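A structural walkthrough
For reference, the chains in residue letters:
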Amino acid sequence: MFAVHLISFFFSKLQEDPTKKVDRFLHGMRLHDDQLGDISARFQAEMKKGLSAKSNAAAAVKMLPTHVCSTPDGSEKGQFLALDLGGSKFKVLQVKVREGVGIKKGEVAMEEKIYPIPKELHAGRAAELFDHVSESLKDFLHEKKISLEKKHPLAFTFSFPCEQASLDQGMLLSWSKNYRARGLQGKDVVQALREAIDRTKGMDVEILAMVNDTVATMMTCGFDDQCCEVGLIIGTGSNACYMEELRHIDLVEGDEGRMCVNTEWGAFGDDGALNDFVTEFDRDVDAASINPGKQMLGKQLCLFSCYAAQNVGHISALLCLSSPHFFFNCRFEKMISGMYLGELVRLVVLKMAKLGLLFDGRVSDALRTKGKITTGDVAAMEEYKTGLNNTKNILIQLDLTPSLDDCIAVQHIGTIVSFRSSNLVAAGLAAILTQIKQNRNLEGLRITVGVDGTVYKTHPQYPKRLHKVVRRLLPECQVRFVLSDSGSSKGAALVAAVAQRLASLRRKVEETLALFKINQDQLQLVKGRMRERLEEGLKSKSTSTIKMLPSFVYLTPDGTERGKYLALDLGGTNFRAMLVRFKKQRYRLYHKIYTIPLEFMQGTGEELFDHLAQCICDFLDYMGLKKARLPAGFTFSFPCEQAAIDTGTLVTWTKGFKATDCEGHDVVNMLQEAIKRRNEFDLDIVALINDAVGTMMSCAYEDPQCEIGMIAGTGTNLCYMEELKNIEKIDQRNVPTKRDEETHEAEEDKQNAGANKKKTEVNSVVSKMCINTEWGGLGDDGCLDDIITSFDVEVDKNSINQGKQRFEKLTSGMYLGEIVRRVLLDLTRRGLLFKGHVTETLKTPGIFETKYLSQIESDRLALLQVRSILQQLGLLSTCHDSIIVKAVCGAVSRRAAQLCGAGLAAVVDKIRENRKLDHLSITVGIDGALYKLHPRFSQVLKETVRDLAPQCDVTFLPSEEGSGKGAALIAAVARRKQEM
């Protein structure tokens, strides 16, 4: 009975599909999607370790920065020399990018010559190797009749692991591919080439770039497909590179833009991350390789010493040394690359033959010989129609006599080994694409992968399998694979072309932005000019462009303010009505905001003020105060000449207002007349103030040292407490009367205000008055012409008040966005931005609002989000476009902050000198979106004041409720003054 079963068993074996036998034997090499997803996640974790400065040393995947910061955009042009060193031969090329007869737009023409490298140079002195390269370069120039006197830009493809400190500098980490040249490891490869060229003499060559072949592949494909941001080599060796966000690369400075990272992914798994996927055949391949893990013996012995020092048993240490973790070097590469695939197949076939599963157990000497099955043989085995016959011929050449089943089995072994390779490459590539997608916060990704390498090019099934698995692992991504048509040499030249283009572009952009740079001497001049016009504006017969308007506000809050006050605020496209209640140094505020339609802003004055009266009526009705006659403060943020605190004649409209029959009229009277026409409520308007004055008063309620109010928003302005004796333009007889010192001190004690404010001057109720400088007019007389740019001139020409408010047009939110737009338009027309494509949006005045400056310059925004902002404006930008836009915004906003700082420095120094102080401590109450929302404006403003007024300690206090609360406080202070 046993014999019958035994015969039946062997018969079933004879009838078994030979591929199933192989499947069982190589089950460890067959990877399903869950396993590939796991490998991909492990690889991405290693990528992140390699990108971090803290963990890079321990990372198996080194993630080497290449300093290639841009892929081609199609505008590259020029003639370049290229050297390509990476194997037993090297190439010298002349590459013409969109130059020369017969070269169409977008084309690259190349002439090349291949030079052999004698074997003795592989292991000789590095200087001799590079001398040979340099002499070959000179020979090429002679042969191609290329001028030796002209300077030639050169790109160098060096396909060995290097750590690069810049695009034209790279330290060799280790040789590979049978190279062992002495004296170069740990040194700069580019410098070694430069020295060799100097020794050869007679050539003028500028080495612009050194790149890895993977990077060059990405650049080659990127020239024709600008979506190409990944390079992949699957050949004798394997590697990948991709464009990483610079903010994630700790190993280099800067956080703007992208940089190509050479992953050097062949070492993935050297730390044991792939141990559960490694087979005995992988270990055998590693042990027999020229760079086995055993070459790490020195590290192992150090580790062994550490164990011994810690009194750990030697058996444990030996177990650690024998762990597969220490016996692998370039683990990933040995599982996927062409150098090892054929050998893996040979080892599997050999093992199965020894076990009697192939060739009836017969093993030939040829099958035992390393390297007898090549990766080319594996590719031939999988040819669509001839694969099985090719397999038979290969086996016969190994002195074997294969049956049909043997041929089918061996062919299937090759399929499994190469399929595992494509699966592992797909897992690594999926990790890279996931990293890109996550970095850019995208749900899906459309991207192109440039590919080169003999395995990808010659294996009939490899590309299809790779593409299919990538799509399966990342169904949300549209991945296109493009084959490199000209190898790495063209790519290296394109790296140089891109570097040359970017250098030229940067230089031209910097020349434009230099127009907005103001040095310390210029800022001192602006400060001096501001000071002169401040002084002039205080005179009785002033011709100053800075109006220095008296506000008739003599006192700042002292904490005794009580009661309910109405505050009205008109300063832009919104009108705000507020009720403020003061009690025991606290306040409560209620408000409503009303829009001012354009037809009222630019209609008649009567229509505008009727609209304001309607808004006030609605608010009083809302608060249930329609029948109460409340004291009101009116913030009117336009230049007014005041003869008293409750009157004000409009000098000129600003901020887009053009209502007729208002300029030259008392705006308080116009509002009161509108209220009378409505005949539904009554108000006691006790104070008319500017928003800067309101801001000062609002902040003075919190800080008694606040004697300056500043606005840095849609408009810009400043007020401050000036000594009455210096204000010639007011009638000093109208200053509040003096009091007896004893009576005044008694009142201060009674009010307990000593802790809340500085004592007023002895024997005088008031000694100062708040002056509304209206400093936006600085420069209307031409005193700023030396810093005004052509862009500023265009903005002024197209404004509704041409030739006026020149300082405001350099510093305020209403104009900064328009200055930026005009700079961007100029750069685009010159082909330096947006690929020279001028959109209708970019030509639209006012489209680039100042809020975009704040958003674009925010440190929290990645460049992808900057691109999103530009896209909302119809501007399709590249990463480098976004960097340039950010730089333009920065230059314009920095100049604005510096100019405001210079003006403020003039004011604080004036106050200090007025009071004859060696040192002044003072607080500036400040309001406005530019100061509050722009990420750098406040910092630059403070730095400039500190530099230009070193004897003044200036504190900035942002206003919480703006000029509205200030208007109510002025009404309260005015009421208090009337009661004194």
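The structure under discussion appears in the preceding block.
On a predicted model such as this, the values are computed, not experimentally measured, just so you know. (Residues numbered from 1 in each chain as written. Predicted model: local features only at pLDDT ≥ 70, side-chain atom pairs only at ≥ 80, totals over all residues. Heavy atoms only, no water.)

1. Observations concerning the overall build of the chain
Along the chain, the regular secondary structure elements total 34 helices and 26 strands. Taking all 980 residues of the chain together, the buried fraction comes to 56%. Considering only contacts within the chain whose residues lie at least 6 apart along the sequence, 72% involve residues at least 24 apart. When the accessible area of the chain is evaluated, it comes to approximately 42200 Å², of which 49% is carbon and sulfur surface. (Helix = DSSP H or I, 4+ residues; strand = E, 2+ residues; numbered from the N terminus. Buried < 20%, exposed > 50% of the residue type's maximum accessible area, 1.4 Å probe, protein only. Contact = heavy atoms within 4.5 Å. Areas by Shrake-Rupley, 256 points an atom, 1.4 Å probe, with all protein chains shown as cover.)

2. Observations concerning the sheet that holds strand β8 (residues 205–211)
Reading across from one edge, β4-β3-β2-β5-β8 is the order of the 5 strands in this open sheet, with mixed pairing throughout. Whereas interior strands pair on both sides, the edge strands pair on one side only; in this sheet they are β4 (108–116) and β8. The mean angle between the axes of side-by-side strands here comes to 20°, regardless of whether they run parallel or antiparallel. Across 5 bridges, the pairing between strand β2 (residues 78–85) and strand β5 (residues 152–158) is parallel. Bridging across to β5, L81 finds its partner in L154. Of the strands in this sheet, β2, β3 (89–97), β4, β5 and β8 are in contact with helix α5 (residues 126–143), which crosses β4 at around 130°. Packed on one face of the sheet, helix α7 (residues 213–224) meets β3, β4, β5 and β8 and runs near 100° to β8. (Pairing = 2+ DSSP bridges. Axes fitted to C-alpha atoms, helices over the stretch in contact; angles between N-to-C directions.)

3. Considering the environment of Q855
By the element assignment, Q855 lies in helix α29 (residues 850–856). Residue Q855 is classed as partly exposed on the basis of its relative accessible area, which comes to 32%. Each C-alpha atom, one on Q855 and one on H934, is 7.6 Å from the other, the two residues being 79 residues apart in sequence.

4. Points about the pairing of strand β6 (residues 162–166)
As paired strands, β6 and strand β7 (residues 169–172) are joined by 3 bridges and run antiparallel to one another. When the sheet's bridge partners are listed, S166 is paired in β7 with Q169. The antiparallel hairpin formed by β6 and β7 contains 2 residues in its connecting segment.

5. Section: the nonpolar core
By size, the foremost hydrophobic cluster in this structure holds 121 residues, and its most contacted members are I708 and F848. Here this core takes 18 residues from helix α31 (residues 879–914), the largest share from any one element. F268, I336, I432 and C477 belong to the second-largest nonpolar core, a separate cluster that totals 51 residues. (Core = buried A, V, L, I, M, F, W, Y, C linked by side-chain atoms within 4.5 Å.)

6. Overview of the environment of N914
With respect to the helices, strands and loops of the structure, N914 is situated in helix α31. For N914, a relative accessible area of 16% puts it in the buried group. The spatial distance from the C-alpha of N914 to the C-alpha of E722 is 8.4 Å, given a sequence separation of 192 residues. Here N726 takes part through its side chain, which lies 3.4 Å from a polar atom of the side chain of N914. (Polar contact = N/O pair within 3.5 Å; in protein donor to acceptor, adjacent residues only side chain to side chain.)

7. Some thoughts on the side chain of N239
On the secondary structure map, N239 appears in strand β10 (residues 238–245). Side chain to side chain, N239 and T214 meet in a polar contact 3.4 Å long. Within polar-contact distance, the side chain of N239 engages the backbone nitrogen of E264 at 3.0 Å. When neighbours within four sequence positions are excluded, N239 is seen to be in contact with N212, T214, G231, L232, I233, N262, T263, E264 and W265.

8. Quick notes on the sheet that holds strand β16 (residues 574–583)
Read from one edge to the other, the open sheet built from 5 strands follows the order β17-β16-β15-β18-β21, with strand pairing classed as mixed. Unpaired on one side and paired on the other, β17 (586–595) and β21 (684–689) mark the two borders of the sheet. Here the average twist between neighbouring strands, direction ignored, is 20°. Sheet topology note: the strand β18 (residues 631–636)/β21 ladder contains 5 bridges and is parallel. Bridge pairing in β21 links G633 to A687. Sitting on the sheet, helix α22 (residues 605–623) touches β15 (563–570), β16, β17 and β18, and the angle it makes with β17 is about 135°.

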